[in-house]
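The residues making up each chain are set out below.
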Amino acid sequence: KQDPNDIFLSFEREPIASASLAQVHVAYDKQKGIRETVEGDLLAVRLAVWAVDRLFSDFTLAWLAEEIAPQLRFELDFCNEGRNSEKAKSFIEKVGIDCIIPRILWDKTRSRILCMEFEEGFKSTDLNSMKKHGLKKSEVAELIASVFNAQMFLSGYVHCDPHPANVLLRANKKGKPQVVLVDHGLYKEIDPEFRLIYAKLWKSLLMVDIEGIKNSCQQLGVNKMFPLLAGMLTARPFDETLERAKTGILASDKQMMDTGADTAMIRGYAKRYIQEIIKMLDVIPRQMLLLLKVNDCLRHIDFTLGTPTNNLTVAGKFAARALYEERTKTW
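Definitions and cut-offs
Residues numbered from 1 in each chain as written. Predicted model: local features only at pLDDT ≥ 70, side-chain atom pairs only at ≥ 80, totals over all residues. Heavy atoms only, no water. Helix = DSSP H or I, 4+ residues; strand = E, 2+ residues; numbered from the N terminus. Buried < 20%, exposed > 50% of the residue type's maximum accessible area, 1.4 Å probe, protein only. Contact = heavy atoms within 4.5 Å. Areas by Shrake-Rupley, 256 points an atom, 1.4 Å probe, with all protein chains shown as cover. Expected span 1.5 Å × (residues − 1). Polar contact = N/O pair within 3.5 Å; in protein donor to acceptor, adjacent residues only side chain to side chain. Phe/Tyr/Trp six-rings, centres within 6.5 Å; stacked < 30°, edge-to-face > 60°. Lys NZ or Arg CZ within 6 Å of the ring centre and 35° of its normal. Core = buried A, V, L, I, M, F, W, Y, C linked by side-chain atoms within 4.5 Å. Pairing = 2+ DSSP bridges. Axes fitted to C-alpha atoms, helices over the stretch in contact; angles between N-to-C directions. Salt bridge = Lys/Arg side-chain N within 4 Å of Asp/Glu carboxyl O. Parallel < 35°, antiparallel > 145°, perpendicular 65-115°, else oblique. Nonpolar A, V, L, I, M, F, W, Y, C, P; charged D, E, K, R; others polar. Bend = angle between axes of the 7 residues up to and from the residue.

**Re the overall build of the protein**
Okay, so step 1: Counting its regular elements, the protein contains 15 helices and ten strands.
Okay, so step 2: Considering the protein as a whole, with its 331 residues, one finds that 46% of them fall into the buried category.
Okay, so step 3: Of the contacts formed within the protein by residues at least 6 apart in sequence, a portion of 71% connects residues at least 24 apart.
Okay, so step 4: Roughly 17000 Å² of accessible area belongs to the protein as shown, and the carbon and sulfur atoms make up 55% of that amount.

**Quick look at the environment of Val283**
Okay, so step 1: Take Val283: it is sitting in helix α13 (residues 274-283).
Okay, so step 2: On a C-alpha basis, the gap between Val283 and Gly221 in space is 6.2 Å, while along the polypeptide they are 62 residues apart.
Okay, so step 3: Excluding anything up to four places from it in sequence, Val283 contacts Leu220 and Gly221.

**Let's talk about helix α4 (residues 78-95)**
Okay, so step 1: If you check α4, its first and last C-alpha atoms are 26 Å apart, about what 18 residues at 1.5 Å a residue would give, namely 26 Å.
Okay, so step 2: When we look at burial in α4, the residues that qualify are Phe78, Asn80, Glu81, Gly82, Asn84, Ser85, Ala88, Phe91, Ile92 and Val95.
Okay, so step 3: By the N-cap criterion, in which a side-chain oxygen at the helix start approaches the backbone nitrogen of a residue two or three places on, α4 is capped by Asp77, the distance to Cys79 being 3.0 Å.

**Let's talk about the packing of aromatic side chains**
Okay, so step 1: Following the criterion strictly, the structure yields five aromatic pairs and no others.
Okay, so step 2: Ring centres of Phe194 and Tyr198 lie 5.6 Å apart, and the angle between their planes is 15°; on these two criteria the pair is classed as stacked. Of the two residues, Phe194 and Tyr198 are both situated in helix α7 (residues 192-207); the distance of four residues between them amounts to about one turn of the helix. With respect to class, Phe194 is no different from Tyr198; both count as buried.
Okay, so step 3: Judged by centre distance (6.4 Å) and plane angle (80°), the rings of Tyr198 and Trp202 are edge-to-face. Of the two residues, Tyr198 and Trp202 are both situated in helix α7; the distance of four residues between them amounts to about one turn of the helix. Of the two residues, Tyr198 and Trp202, neither departs from the other in class, the shared state being buried.
Okay, so step 4: Pairwise contacts between aromatic rings join Phe153, Phe194, Tyr198 and Trp202 into one cluster.
Okay, so step 5: Directly above the aromatic system of Tyr157 lies the positively charged group of Lys87, at a separation of 4.1 Å from the ring centroid.

**Quick notes on the nonpolar core**
Okay, so step 1: Ile144, Phe153, Val179, Tyr198, Trp202, Leu229 and Leu233 are the most contacted members of the largest nonpolar core, which totals 70 residues.
Okay, so step 2: It is helix α6 (residues 137-155) that provides the largest number of residues to this core, a total of eleven residues.

**Structural notes on the pairing of strand β8 (residues 167-171)**
Okay, so step 1: Counting buried residues in β8 gives four out of five residues, a clear majority hidden from the surface.
Okay, so step 2: In the sheet, strand β6 (residues 122-123) pairs with β8 via two bridges, with the strands oriented antiparallel. Bridging from a neighbouring strand, Lys123 pairs with Leu168 of β8.
Okay, so step 3: When β8 meets strand β9 (residues 177-181), the two strands line up antiparallel, connected through five bridges. Note on β9: the bridge partner recorded for Leu169 is Val179.
Okay, so step 4: Counting the residues between successive antiparallel strands, the hairpin from β8 to β9 contains five residues, one of them, Gly175, with a positive phi of roughly 85°.

**Points about the sheet that holds strand β4 (residues 99-100)**
Okay, so step 1: Strands sit in the order β4-β9-β8-β6 across an open sheet of four strands; the sheet is mixed. In this open sheet, the two strands that pair with only one neighbour each are β4 and β6.
Okay, so step 2: Bridge count between β4 and β9: two bridges; the pairing is parallel. Bridging across to β9, Cys99 finds its partner in Val179.
Okay, so step 3: Most of the contacts of α6 go to β9, to which it runs at about 40°, and overall it touches β4, β8 and β9.

**Considerations on the side chain of Ser146**
Okay, so step 1: Looking at where Ser146 falls in the secondary structure, it is placed in helix α6.
Okay, so step 2: In contact with Ser146, other than residues within four places in its own chain, are Ile97, Val314 and Phe318.

**Some thoughts on the pattern of salt bridges**
Okay, so step 1: In total, this model carries twelve salt bridges according to the counting rule given.
Okay, so step 2: A salt bridge links Glu240 to Arg236, with the nearest nitrogen and oxygen atoms 2.6 Å apart.
Okay, so step 3: Arg236 sits in the buried class, given a relative accessible area of 5%.

**Remarks on the packing of helix α9 (residues 226-234) against α13**
Any two packed helices are characterised by how steeply their axes cross, that is the angle between the axes, and by the distance between the axes.
Okay, so step 1: One can describe the packing of α9 onto α13 by two numbers: an axis separation of 11 Å at closest approach and a directional angle of 90°. The orientation of α9 with respect to α13, classified from their angle, is roughly perpendicular. Contact residues: Leu228, Leu229 and Met232 in α9; Glu276, Ile277, Met280 and Leu281 in α13.
Okay, so step 2: Among the residues making up the contact of α9 with α13, the classes are represented as six nonpolar, no polar and one charged.

**Overview of α6**
Okay, so step 1: Between its first and last C-alpha, α6 extends 26 Å over 19 residues, near the 27 Å set by a 1.5 Å rise per residue.
Okay, so step 2: The largest bend along α6 reaches roughly 30° and is located at Asn149.
Okay, so step 3: The positive-phi residue at the C-terminal boundary of α6 is Gly156, with phi of around 75°.

Have a look at this one:
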C-alpha cells in the first residue's frame, strides 16, 4: 500500500465530487474494501432475483444480475477506465465533435488510483453557469446528444453513465459550448451487426417508417411488442408515431414534453405496461440494456435544459450516417 503523498506532489484530502463507485480528488481514489463489498452486493442481487423469479412466475429478472455483475467488476479497475478513456478520446478526435476527454497520466495510475489532467467544467444541468458563460441551451443539448449518439451509431464503444456530473460543460475559445467528458468506468462495446440493426430502427423512427420499425424490432427479438419498444426509445406513445406517419409532421421535443399532463401520461403508460416492459427486457439483446440507460440519462439532461432540441432528429441523423458509411465503407 502507498500513501497518495508518496505518489503525488500534492494531494487534496477533501474530495471535490463523487462518482458511481469512487470519490474524486485531484487524483482519483477508491474507497477501501469496496471490491469485497461489491461481491457481497452482487450475491444479494442474485438472491433477490432468484426470490422474485420463484415468487412471481410472470416476472423474469435474471437479465438484471447477468448484466450488472461484469460491469461492476470492470468499474473497479481504474486501469480499465483509463483504457476506456483513451479509446473514446481517439474516436471523438477522429469524428470531430467538440468534446474534451482528460489525458490519463499513466505513470501515476494504478488499478486503485486513476490520475488524469485536470479540466475545468461545470455540470451540464447548471443553468446559471450556462447563462454566465453565454451558452445557448439548444447548442448545448445538440452537442451532448451528438457525443453519445456518435458513440452508439459510429464507434459502437459507448460511455454508459452520462449523468450531469460526468458530462461537464465550458465555453471554447469561440464562445460555443464544449463538453468535458469524465468517469469512463462504465462502457459497453456493441457488436457491428447489432449496431446496424439499432441504427435501422432509429432511422425508421425518424422517417416514420412503420414497416422498418417493425422489421428492426423483430431482428432484435421483439415481435408483437414492437410498439412498446418504440415508445420506450422515444419516450412517447406509439400512437403519436402513427399520427406522425399520417401527417408527416415531426414535432419538436419541446412541443411533445411541454406540459405536466404529458409527463403524467407517460408515467401512466409505464404503470399500465410494467409487466410487458419486464418481459421485453428479458427478450431484447443484453447489449441494448445499457443503451436504454444512456437514453434515459440524456433525456434527463435535455429535459432539465428545457428540451431545446429534438433528440430523435439527432439520433436519426447519426443512425443514417452509420448506415450510409456501412454501404460506402468510408468509416
